[in-house]
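Here are the chains, one letter per residue:
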Amino acid sequence: MAQQQRFTLQWDRPFMPGAATHVSLFEGGTDPMNIVASGHGADEAGALRDLLAALKERHESPEAIAFVSDEYAVLSGRRA
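Residues numbered from 1 in each chain as written. Predicted model: local features only at pLDDT ≥ 70, side-chain atom pairs only at ≥ 80, totals over all residues. Heavy atoms only, no water.

**What to know about the nonpolar core**
- Grouped together as the largest cluster of nonpolar side chains are 17 residues, with contacts concentrated most on Leu-9, Leu-25, Leu-48, Leu-51, Leu-55 and Val-68.
- Among the secondary structure elements, those contributing two or more residues to this core are β1 (7–12), β2 (21–27), β3 (34–41), α1 (44–57) and α2 (62–76).
- The element best represented in this core is α1, accounting for six residues.
- Residues in contact with Leu-51, not counting those within four places in the same chain, are Leu-9, Val-23, Leu-25, Ala-37, Ser-38, Gly-39 and Val-68. (Core = buried A, V, L, I, M, F, W, Y, C linked by side-chain atoms within 4.5 Å. Buried < 20%, exposed > 50% of the residue type's maximum accessible area, 1.4 Å probe, protein only. Helix = DSSP H or I, 4+ residues; strand = E, 2+ residues; numbered from the N terminus. Contact = heavy atoms within 4.5 Å.)

**Here we look at α1**
- The end-to-end C-alpha distance of α1, which contains 14 residues, comes to 20 Å, matching closely the 20 Å that a straight helix rising 1.5 Å per residue would cover.
- Every buried residue of α1 is listed here: Ala-45, Gly-46, Ala-47, Leu-48, Leu-51, Leu-52 and Leu-55.
- In this structure Asp-43 caps α1, since a side-chain oxygen of it lies 3.4 Å from the backbone nitrogen of Ala-45. (Expected span 1.5 Å × (residues − 1). Polar contact = N/O pair within 3.5 Å; in protein donor to acceptor, adjacent residues only side chain to side chain.)

**Things to note about the pattern of salt bridges**
- Applying the stated criterion across every chain yields a total of four salt bridges.
- Residue Arg-13 is joined to Glu-44 by a salt bridge in which the shortest nitrogen-to-oxygen separation is 2.4 Å. Here Arg-13, found in the loop between β1 and β2, pairs with Glu-44, found in helix α1; they are 31 residues apart in sequence, far enough to count as distant.
- The closest approach of N and O atoms between Asp-70 and Arg-79, which form a salt bridge, is 3.2 Å. (Salt bridge = Lys/Arg side-chain N within 4 Å of Asp/Glu carboxyl O.)

**Some remarks on the sheet that holds β1**
- On the basis of which strands lie adjacent, the open sheet formed by three strands has the order β1-β2-β3 and antiparallel pairing. Edge positions in the open sheet fall to β1 and β3, since each of these has one partner strand only. Averaged over all neighbouring strand pairs, the angle between strand axes comes to 20°, with direction disregarded.
- Pairing between β2 and β3: seven bridges, direction antiparallel. The residue of β3 that forms the bridge with Leu-25 is Ala-37.
- Those strands touched by α1 are β1, β2 and β3, and its axis lies near 130° from that of β3. (Pairing = 2+ DSSP bridges. Axes fitted to C-alpha atoms, helices over the stretch in contact; angles between N-to-C directions.)

Limitation: the analysis is restricted to geometry and does not speak to function.
Set out below in structure tokens:
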């Protein structure tokens, strides 16, 4: 049996020039999933950096912080 992923990201990518990209981190594998935190930025990398800052500021779980850090590294090629 496959293990369910604990966290997932949901993106809101703008269609209008100059609008911010928004990302939310959800925890849980069933409906309703619980939102942990959100971030926004000029692009996907900026939104993930903002989300990571929010997680650290709110002292969220190390697992949540590691998940977003890993997603940022995959997207940007750099560690946050």
